[in-house]
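The primary structure of each chain is shown beneath.
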There are 4 protein chains.
Amino acid sequence: MYTSETKIRVRYSETDQMQYVYYGNYATYYEVARVDSLRQLGLTYKELEAMGIIMPVLENHSEFLFPALYDELLRVVVTIPEKPSVRIRFRYDIYNEKEQLIHRGETLLAFVNQKTGRPCRPPEAFQQVLAPYF
Amino acid sequence: MYTSETKIRVRYSETDQMQYVYYGNYATYYEVARVDSLRQLGLTYKELEAMGIIMPVLENHSEFLFPALYDELLRVVVTIPEKPSVRIRFRYDIYNEKEQLIHRGETLLAFVNQKTGRPCRPPEAFQQVLAPYF
Amino acid sequence: MYTSETKIRVRYSETDQMQYVYYGNYATYYEVARVDSLRQLGLTYKELEAMGIIMPVLENHSEFLFPALYDELLRVVVTIPEKPSVRIRFRYDIYNEKEQLIHRGETLLAFVNQKTGRPCRPPEAFQQVLAPYF
Amino acid sequence: MYTSETKIRVRYSETDQMQYVYYGNYATYYEVARVDSLRQLGLTYKELEAMGIIMPVLENHSEFLFPALYDELLRVVVTIPEKPSVRIRFRYDIYNEKEQLIHRGETLLAFVNQKTGRPCRPPEAFQQVLAPYF
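All values reported here derive from a predicted model rather than from experimental measurement. (Residues numbered from 1 in each chain as written. Chains lettered and ligands numbered in written order. Predicted model: local features only at pLDDT ≥ 70, side-chain atom pairs only at ≥ 80, totals over all residues.)

1. Some points on the overall build of chain A
Okay, so step 1: Counting its secondary structure elements, chain A contains three helices and seven strands.
Okay, so step 2: Each helix and strand of chain A, placed in order from N terminus to C terminus, yields the pattern β-α-α-β-β-β-β-β-β-α.
Okay, so step 3: Taking 14 Å as the expected radius of gyration for a compact globule of 134 residues, we find that chain A reaches 16 Å, a close match to that expectation.
Okay, so step 4: When its C-alpha atoms are laid out on the principal axes, chain A stretches across 45 × 30 × 20 Å.
Okay, so step 5: Residues classed as buried in chain A amount to 39% of the 134 residues present.
Okay, so step 6: Within chain A, counting contacts between residues at least 6 apart in sequence, those at least 24 apart form 67% of the total. (Helix = DSSP H or I, 4+ residues; strand = E, 2+ residues; numbered from the N terminus. Rg over C-alpha atoms; globule rule 2.2 N^0.38 Å. Buried ≥ 20, exposed ≤ 12 C-beta atoms within 10 Å, placed from the backbone. Contact = placed C-beta atoms within 7 Å.)

Right under this line is the structure:
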């Protein structure tokens, strides 16, 4: 299992007139935290794309426990629960400044060869960096 | 069961550099189709809010089968599968212009009294309009 | 001068906690109206990109006169005030349901050859369709 | 004159299929940098709203010199060029990682009493903190 943590401050643009973070914006928080999670391992999604591999999302699940509010500094705990194969699962637990768990999310992504459009294994470097955690 | 249909054209702002609709934007498509679904019944979410009732999302589930592309006119089929109580479930099947099912989603929303912050029943008018379908 | 009109309904995701449309979302309204404006002439931006021409925005100017509100059906009047060369200017006047002018915008875009990254003239078909208006 | 600096990393959600940051997303970068600029002075926009003052945008001007790209860590230099009255002007110069000036923006905002909807002066604390710079 691999775990990391990312702080994200809620932007005004992300709120809606209910005075909450709009529910569709959590997917962006997942993305920011997921990319940061890989960066902390020395891997960047940008390089992955430069190698011709894209990571489209296959599934997304979200549970909204409490609203996130404007200007809050959210703490996103990212977990990769299983060894990635041609797919990789990420879990997200989001806490507000009061350390209240306000949101739980999960996404399943594929590694896809951009040219052929077919699923592929993650690059060797990617596998090696993650191996010690599983 | 209640079913309706809404057409949504993919905006440039909704694409990402993978050349697909960004995965977080489907939540907005759900919202647009959901609100339109109620409007076709003579109900507007705007009036609901004016009556002091908000409908925060509790759960969201998405399956990405095929990418949606820029400028495509998507067809979103919305289903309310069960009689709403203090919660209401919506399902979304999204088809591209080739009539290919590209996406499946589901959201669970609550009716909440904005002042008290507590769950409540939908207004009488809302219940009456939906009653014949269940 | 060429003028067209497009209706856009304000989405919940586009509002912010000020209860107004977030100021950054007008750029998307411009885009939707601009693309629709060309479509009404039989031109699609999608085809332009398929021909290897992209239209990045060079300048954007916005005046916010009155707020746009959730669920309003906005009317966007698009004007191409001058004959396009390697650049094309669009003006946008946005009216709310009370026919109040609430917003004025202007964008200057370039025609760029995606491969070379250099400015270029619009395709012949594009020029012919617009010619009668100038 | 008051100047501050904020770093913003480009999110995947902010790119479009042109492989650039979508032009409408710069307004959000302005907002993030503007709010951070005030925070560095000990002022938070959140508190301002809690005091019943909102700051709607009246005008926005943007010049797109070079595209911003995915994952770049942008440096936004914010300037308040004049002493704020019932209005406040912000300028934004955005640099990419190569220290290339890629974008210039300017927004004019009003201080508005949320209850009355009328323009007002910024709170005393706000004026005092900014006074030394003008």
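Once the structure has been displayed, the description carries forward.
2. Regarding the sheet that holds strand S5 (residues 87-95) of chain D
Okay, so step 1: Pairing in this open sheet of ten strands is antiparallel, and the strands run S1(C)-S4(C)-S5(C)-S6(C)-S3(C)-S3(D)-S6(D)-S5(D)-S4(D)-S1(D) from one edge to the other. Each edge of the open sheet carries a strand with a single partner, namely strand S1 (2-9) of chain C together with strand S1 (2-9) of chain D. Direction aside, neighbouring strands of the sheet carry axes that sit 15° apart on average.
Okay, so step 2: With five bridges joining them, strand S3 (residues 57-64) of chain C and strand S3 (residues 57-64) of chain D adopt antiparallel strand pairing. Directly across from His61 of chain C, in S3 of chain D, lies its bridge partner His61 of chain D.
Okay, so step 3: Helix H1 (residues 26-39) of chain C rests against S1, S3, strand S4 (73-80), strand S5 (87-95) and strand S6 (101-110) of chain C of the sheet, and its axis sits at about 125° to S1 of chain C.
Okay, so step 4: With respect to the sheet, helix H1 (residues 26-39) of chain D is in contact with S1, S3, strand S4 (73-80), S5 and strand S6 (101-110) of chain D, its orientation differing from that of S1 of chain D by roughly 125°. (Pairing = 2+ DSSP bridges. Axes fitted to C-alpha atoms, helices over the stretch in contact; angles between N-to-C directions.)

3. A closer look at the environment of Met55 of chain D
Residues and elements named next belong to chain D.
Okay, so step 1: On the secondary structure map, Met55 appears in the loop between strand S2 (53-54) and S3.
Okay, so step 2: Here Met55 falls in the buried class, since 21 other C-beta atoms lie within 10 Å of it.
Okay, so step 3: The spatial distance from the C-alpha of Met55 to the C-alpha of Ile80 is 15 Å, given a sequence separation of 25 residues.
Okay, so step 4: Contact partners of Met55, with chain neighbours within four places excluded, come to Tyr45, Leu48, Leu109, Ala110 and Phe111.

4. Overview of the relation of the copies chain B and chain A
Okay, so step 1: For the pair chain B and chain A, the best superposition has an RMSD of 0.0 Å and corresponds to a rotation of 180° with a translation of 0.0 Å parallel to the axis. As the rotation angle and translation indicate, the two copies are arranged about a two-fold axis. Within chain B, His61 of chain B has its C-alpha nearest the rotation axis, a separation of 2.3 Å.
Okay, so step 2: Take the interface residues of chain B: 100% of them recur as interface residues in chain A, which is what a same-surface contact looks like. (Least-squares fit on C-alpha atoms with pLDDT ≥ 70 in both.)

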